[in-house]
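Topology and contacts: notes
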Amino acid sequence: MDLGTLKESCSQYNNPSKVKLTYGTAGFRAEASLLPSTVYRCGLLMALRALKTGGVTGLVVTASHNPVEDNGVKLVDPTGYMLDQAWEAWANKLAAADDEDGTCAVVQELFQVEDIPYGSSTVMLAHDTRPSADALVKAAAAGVAAMGSLPIACGQLTTPQLHWMVRQCNAGLKHKEKAYYEALATGYARLVSGHPAPSEGLIVDCANGVGAAKLQVLADRLAPGLSAELRNTGAEGLNDCCGADFLQKERRLPAGFQDVPEGARCASLDGDADRLVYFQRRGAADEVHLFDGDRIAVLAALLVMDLLRSLITAEQPPPTVGIVQTAYANGASTAYIEEKLKCEVRVTPTGVKHLHAAAEEFDVGIYFEANGHGTVLFSAALVQRLHELGDDSGPAKALLALVDMVNQAVGDALSGVLLVEAALRRKKWGLPEWAALYTDLPSRQLKVKVADRSVVTTSHAETRVESPSGLQQLIDSAVAAAPSGRAFVRPSGTEDVVRVYAEAATQSAADDLARLVARHVHSIAAGVGLSP
Ligand code: 16G
Ligand code: MG
């Protein structure tokens, strides 16, 4: 590495705004004009990460479900998972460097502390549909190139597609975008073969995001096996009154859905297609019945357990199945999983990296956040066993089809659609049967603006407040007074707010509980951390 050349390159991407961005729940996210220096430095970082690991890494320029003016980066390790958490501190340190000297100093420190070999590596780059993408991808590529490494521009992709491609590439498997569709489509076809398609097609809200074009390719590939009508597929209006995040937070019909009939089976992706929810119009107004990530997890568990039940042989221990949720999971879903499915539930802090890690501890780890991000992971040992059972076993073949169809790197709305459609089809179910599994407890989410959200710290997978002192006791007494009440608060990792979640036996009790807890957060946290 030539320090002079590196310094020259870094000086092109200094941070004139002096706004210091930090790695949030899933990477960096901010108003797009603030991002070039951070994205450039993420290019440096991922080239170094690739050198350190000896694999290919990835970087996606996206701000997911945020408004179109924002952008961000998501970073992909050679496993296809998110960047190793231990390296988030390096990402922050690089992002905080004042100028080219500061940036070069962090790079040198990284080489030394992480004992990184000199050489050349490869970083795959992708982006969503935002107008700010081109300049930011250029910044990322410049960062990779400044380390003497090779940036590979993969163009517009959904976030999960790039995760999938990086994973496949490092496993020495077919990893082009075409191979992605091939894997998902053939997996789906094998899984539903012999199970007739429902008479009604699916209507999908694509959030005017990158998922629209990609789902269209998949649907064309599967036609007539998957009948899907795509809406909100435009170049304008990204995440604007549409998309999975809108559905989950607002619980009302997205733009462009006013004419759908009451019973129609609808789904919604977010802007970078790593979240999925299903929904159904309810009543005349724009109210919806939401089928969130918790419900998708339950459906996935039913499918997996049905197949495993017919697979299990006496001589071998049964595969372990676990469902991983966060505190946001509706209490009714948790009760259903534990009491009816008799399946183990793990609760982790919010953020895919936490859920994913916990899911890896099972032979089949099903993880979903209520917001619709999740997937089903299969252990290498189970996959090997399924291959051994091979062609003689229908359930083994179906499970292997599931392994191909369900993105093993990260939650993926496109493979999620196929998962839900296949599970419903195999059970001959429509939305009513799926809805009837359990009834969600009424819930409410609020956000509270405070001077500094970091004054709120939590423990026990975000279910208890550690500081400011006294806040947890107030939450406890508010919860005790609400019928079937539960509430928690946590600082957001993506917005400058503290989030409040409450659920209770009735909607008005959940609303009251959320409001009361929000007031407590406001009064206790507002003064903490403010200079006198
Ligand atoms: C990010 C996370 C998502 C989490 C959300 C929470 C990933 C890939 N995405 O979107 O898992 O639910 O942040 O946002 O990890 P919050 O911290 O603002 O509540
Ligand atoms: Mg997203």
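Everything here concerns the structure above.
Keep in mind the model is a prediction, meaning the values are calculated, not measured.

1. Focus on the sheet that holds strand 15 (residues 443–448)
Across the sheet, 3 strands lie side by side as 15-19-18; this open sheet has antiparallel pairing. Of all strands in the sheet, those with a lone pairing partner are strand 15 and strand 18 (486–491), marking the two edges. With strand direction ignored, the average angle separating the axes of adjacent strands in the sheet is 15 degrees. Taken together, the 6 bridges between strand 18 and strand 19 (residues 498–503) define a ladder with antiparallel strand orientation.

2. Observations concerning the nonpolar core
In terms of nonpolar packing, the biggest core is built from 86 residues, with Tyr278, Ile366, Leu402 and Trp434 touching the most fellow members. Element by element, the count of residues in this core is highest for helix 10 (residues 293–311), at 13 residues. Not counting the four nearest positions on each side in its chain, Leu402 is found in contact with Leu191, Leu303, Val304, Phe378 and Leu419.

3. A closer look at the site of ligand 1
Glu369, Ser492, Gly493, Thr494 and Arg499 are the nearest of the 16 residues found near ligand 1. Between Thr25 and ligand 1, the recorded distance is 3.2 Å, taken from a side-chain N or O atom to an oxygen atom. Contact between ligand 1 and Gly493: an oxygen atom at 2.6 Å from a main-chain N or O atom of the residue. Here ligand 1 has 450 Å² of accessible area as a free molecule, and 94% of this is covered by the chains. Considering only residue class, the shell around ligand 1 consists of 3 nonpolar, 8 polar and 5 charged.

4. Points about the coordination of the magnesium ion (ligand 2)
Looking at the magnesium ion (ligand 2), one finds its protein donor set to be Ser64 (OG), Asp270 (OD), Asp272 (OD) and Asp274 (OD), positioned 2.0 to 2.1 Å from the metal centre. Between consecutive donors of the magnesium ion (ligand 2), the numbers of intervening residues give the motif S-x205-D-x1-D-x1-D. Taken together, the residues span a long stretch of sequence, with Ser64 in the loop between strand 2 (57–61) and strand 3 (70–76) and Asp272 in the loop between strand 8 (265–269) and strand 9 (276–281) at a distance of 208 residues.

5. Observations concerning the pairing of strand 17 (residues 464–467)
As judged from the 3 bridges shared by strand 16 (residues 457–459) and strand 17, these two strands associate in the antiparallel manner. Within strand 17, the residue paired with Thr457 across the bridge is Ser467. Counting the residues that bridge the hairpin from strand 16 to strand 17 gives 4 residues, and of these His460 lies at a positive phi of roughly 50 degrees.

6. Remarks on the packing of aromatic side chains
Across all of its chains, the model carries 12 aromatic pairs by this definition. Summarising the aromatic geometry, the rings of Phe111 and Tyr118 are spaced 4.6 Å apart at their centres and angled 25 degrees between planes, so their arrangement reads as stacked. By relative accessible area, which is 6% here, Phe111 ends up buried. Members of the aromatic cluster, each reached through a chain of ring pairs, are Trp164, Tyr180 and Tyr181. For the cation-ring pair, Lys427 lies above Trp429, with the distance from its terminal atom to the ring centre recorded as 5.0 Å.

7. What about the pattern of salt bridges?
The full count for this structure, using the stated rule, is 33 salt bridges. Two residues, Asp274 and Lys74, come together in a salt bridge whose shortest N-O distance is 2.8 Å. With Asp274 in the loop between strand 8 and strand 9 and Lys74 in strand 3, the pair connects residues that are 200 residues apart, well separated along the chain. Take Asp274: its relative accessible area is 6%, and that puts it in the buried class. The shortest N-O distance in the salt bridge between Arg282 and Glu287 comes to 3.5 Å.

Rules and cut-offs
Just so you know, the residues in each chain are numbered from 1, in the order the chain's sequence is written. Chains and ligands are labelled sequentially in the order written, the chains with letters from A and the ligands with numbers from 1. In view of the model being predicted, local features appear only for residues whose pLDDT reaches at least 70, and side-chain atom pairs are presented and counted only at 80 or more, with totals across whole chains, interfaces and linings using the full set of residues. Hydrogens and water molecules were not included; the side-chain quantities draw on all heavy atoms of the structure. Pairs of strands are assigned from DSSP output, requiring at least two bridges between the strands. The helix count covers DSSP runs of H or I at least four residues long, the strand count covers runs of E at least two residues long, and both are numbered beginning at the N terminus. Only C-alpha atoms enter the line fits that serve as axes; for helices the fit covers just the stretch in contact. Angles between N-to-C directions range over 0 to 180 degrees. What we call a nonpolar core is a set of buried Ala, Val, Leu, Ile, Met, Phe, Trp, Tyr and Cys residues that are connected through their side-chain atoms within 4.5 Å. Each residue's exposure class comes from its accessible area (1.4 Å probe, protein chains only) as a fraction of the maximum for that residue type: buried when under 20%, exposed when over 50%, partly exposed otherwise. Should any heavy atoms of two residues lie within 4.5 Å, those residues are considered in contact. Near residues are defined by distance, with any heavy atom within 4 Å of the molecule or strand qualifying the residue. The definition of a polar contact used here is a pair of N or O atoms within 3.5 Å, where within protein one atom must be able to donate a hydrogen and the other to accept one, and adjacent residues in sequence count solely through side-chain atom pairs. Accessible surface is estimated by sampling points in the Shrake-Rupley manner with a 1.4 Å probe; for residues, cover comes only from the protein chains shown. The classification used treats Ala, Val, Leu, Ile, Met, Phe, Trp, Tyr, Cys and Pro as nonpolar, Asp, Glu, Lys and Arg as charged, and all other residues, Gly among them, as polar. Metal donors were taken as nitrogen, oxygen and sulfur atoms no farther than 2.8 Å from the ion, or 3.2 Å where the ion is Na, K or Ca. Water is excluded, so coordination may look unfinished. Only Phe, Tyr and Trp rings take part, Trp by its six-membered ring, and two of them pair if their centres are within 6.5 Å. Stacked means planes under 30 degrees apart, edge-to-face means over 60, and tilted covers everything else. To sit over a ring, a charge needs its Lys NZ or Arg CZ within 6 Å of the ring centre and within 35 degrees of the ring normal. The working definition used for a salt bridge is a side-chain nitrogen of Lys or Arg within 4 Å of a carboxyl oxygen of Asp or Glu.

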